[in-house]
Amino acid sequence: MIDLHSHTDYSDGALSPAELLELARREGLDAFSITDHDTLAGYDLLATPEERQPEVIRGIEVTCDLNGRPAHLLGYFLRGDPGESFRRWLELRHEQRRERNRRLVRRLQSLGASVELEEVEALGKSMTGRPHFARVLVSKGYVDSYEEAFHRYIGEHGAAYVPPEAPSLAEGIARVNEAGGVSSLAHPIRLGPAFNEQALGSLARAGLRALEVFHSDHSIEDSSRYLEMARRHDLAVTGGSDFHGPIKPRVRLGGERVENWVLDSLRERFG
Ligand code: AMP
Ligand code: FE
Ligand code: FE
Ligand code: ZN
């Protein structure tokens, strides 16, 4: 069993990379991937040349833009380091995030929630995003829960919402592919009606290599529909839980029970 989608506290997960590895071992996984949002730092921390069980796959989840809406792109680097140029491109993502975070702070302050950029960034080890804002809003008593923070303030319909500045999905796909990675469109269910046969066709023409068929937001019916779509467009398949730790208690590491053939066939095609 494998899990190709999980987050550490280098993005918005709760566990450190070492704790995540330990959990993966306890769950009996053969392999799992760290796919932090816009950063490779969690994987880098773990990486040592020694053989390890479970195997850790270097991954990333980059926030991109599809027709004005956020779309998440996974990248798996089966052959090793993505290289300097990709890492520099990630630095640009961080600068864009920083600018957006400044705007979020200003909006929150204008709504009477006194939040400083420094205290939010202090929670983010490698990247700082809305989940960290949510935690500050809770700890300062402006809201009672993480969910309420999104609902009232920073979610898409919240009063302080600032959309992410993100590269197009086509650019993300090109960057991941150029870096020798396997690009995979994450949790297509979250794209809503914007995701259909035609959209997937044009992403495949843009170089998309895989589709995340198995995910904790997908029902069994969703997954079989996505599996068919992936096959029709000759895309590889990826899957994982999108584990974040106790912040999202419903989602367990390894909970999607993704079978090893998924990784084996990625290796066959792209390894
Ligand atoms: P960001 O990349 O800064 O826009 O933050 C996106 C992250 O915030 C997602 O990956 C989720 O973990 C979290 N998130 C977004 N919307 C919600 C929501 N409505 N409730 C809880 N968490 C959310
Ligand atoms: Fe997340
Ligand atoms: Fe995601
Ligand atoms: Zn994720």
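In case you missed it, the structure is sitting above this.
The sections below set out a description of the structure shown in this document. (Residues numbered from 1 in each chain as written. Chains lettered and ligands numbered in written order. Predicted model: local features only at pLDDT ≥ 70, side-chain atom pairs only at ≥ 80, totals over all residues. Heavy atoms only, no water.)

### Description of the overall build of the chain
If you tally the helices and strands in the chain, you get ten helices and seven strands. Against the 2.2 N^0.38 benchmark of 18 Å for 271 residues, the chain shows a C-alpha radius of gyration of 18 Å, consistent with a compact globule. A principal-axis box enclosing the C-alpha atoms of the chain has dimensions of 55 × 40 × 40 Å. Split into buried and exposed, the 271 residues of the chain put 53% on the buried side. Sequence-distant contacts, at least 24 apart, represent 70% of the contacts inside the chain between residues at least 6 apart. In the structure as shown, the chain presents an accessible area of about 12300 Å², 48% of it carried by carbon and sulfur atoms. (Helix = DSSP H or I, 4+ residues; strand = E, 2+ residues; numbered from the N terminus. Rg over C-alpha atoms; globule rule 2.2 N^0.38 Å. Buried < 20%, exposed > 50% of the residue type's maximum accessible area, 1.4 Å probe, protein only. Contact = heavy atoms within 4.5 Å. Areas by Shrake-Rupley, 256 points an atom, 1.4 Å probe, with all protein chains shown as cover.)

### Here's the deal with the packing of helix α5 (residues 130-139) against helix α6 (residues 146-154)
A pair of packed helices is captured by two measures, namely the crossing angle of their axes and the spacing between those axes. It is at 9 Å that the axes of α5 and α6 come closest, and there the two elements cross at 105 degrees. Taken together, α5 and α6 sit at an angle that is classed as roughly perpendicular. From α5, Arg-130, Pro-131, Phe-133, Ala-134, Arg-135, Leu-137 and Val-138 reach across to α6, where they touch Tyr-146, Ala-149, Phe-150, Tyr-153 and Ile-154. (Axes fitted to C-alpha atoms, helices over the stretch in contact; angles between N-to-C directions. Parallel < 35°, antiparallel > 145°, perpendicular 65-115°, else oblique.)

### Brief notes about the environment of Ala-149
Structurally, Ala-149 can be placed in helix α6. For Ala-149, a relative accessible area of 0% gives the class buried. In sequence terms Ala-149 and Ala-14 are 135 residues apart; their C-alpha atoms lie 18 Å from each other. Those residues within four positions of Ala-149 in sequence are excluded, and the remaining contacts are Ala-134, Leu-137, Val-143, Ile-154 and Gly-155.

### Points about the coordination of the iron ion (ligand 3)
At the metal site, the iron ion (ligand 3) is ligated by Glu-61 (OE), His-72 (ND1) and His-187 (NE2), and these contacts range over 2.0 to 2.2 Å. Taken in chain order, the donor set of the iron ion (ligand 3) reads E-x10-H-x114-H. Here the iron ion (ligand 3) and the iron ion (ligand 2) are spaced 5.6 Å apart. Within this pair, whereas Glu-61 is found in strand β3 (residues 55-66), its partner His-72 is found in strand β4 (residues 69-76), the two being separated by eleven residues in sequence. Look at His-72 and you get buried, because its relative accessible area is 17%. (Donors = N, O, S within 2.8 Å, 3.2 Å for Na, K, Ca; no water.)

### Structural notes on the coordination of the zinc ion (ligand 4)
Coordination sphere of the zinc ion (ligand 4), protein contribution only: His-5 (NE2), His-7 (NE2), Glu-61 (OE) and Asp-242 (OD), at 2.0 to 2.2 Å. Around the zinc ion (ligand 4) sit four donor atoms; with metal-centred angles ranging over 82 to 175 degrees, the donor geometry is irregular. A gap of 4.8 Å separates the zinc ion (ligand 4) and the iron ion (ligand 2). Of this pair, His-5 sits in the loop between β1 (2-3) and α1 (17-26) while Asp-242 sits in the loop between β7 (236-240) and α10 (261-270); the two residues are 237 residues apart in sequence, bridging distant segments of the chain. Among the residues examined, Asp-242 registers a relative accessible area of 4% and is labelled buried. (Tetrahedral: all angles 85-135°; square planar, octahedral: opposite > 155°, others 65-115°.)

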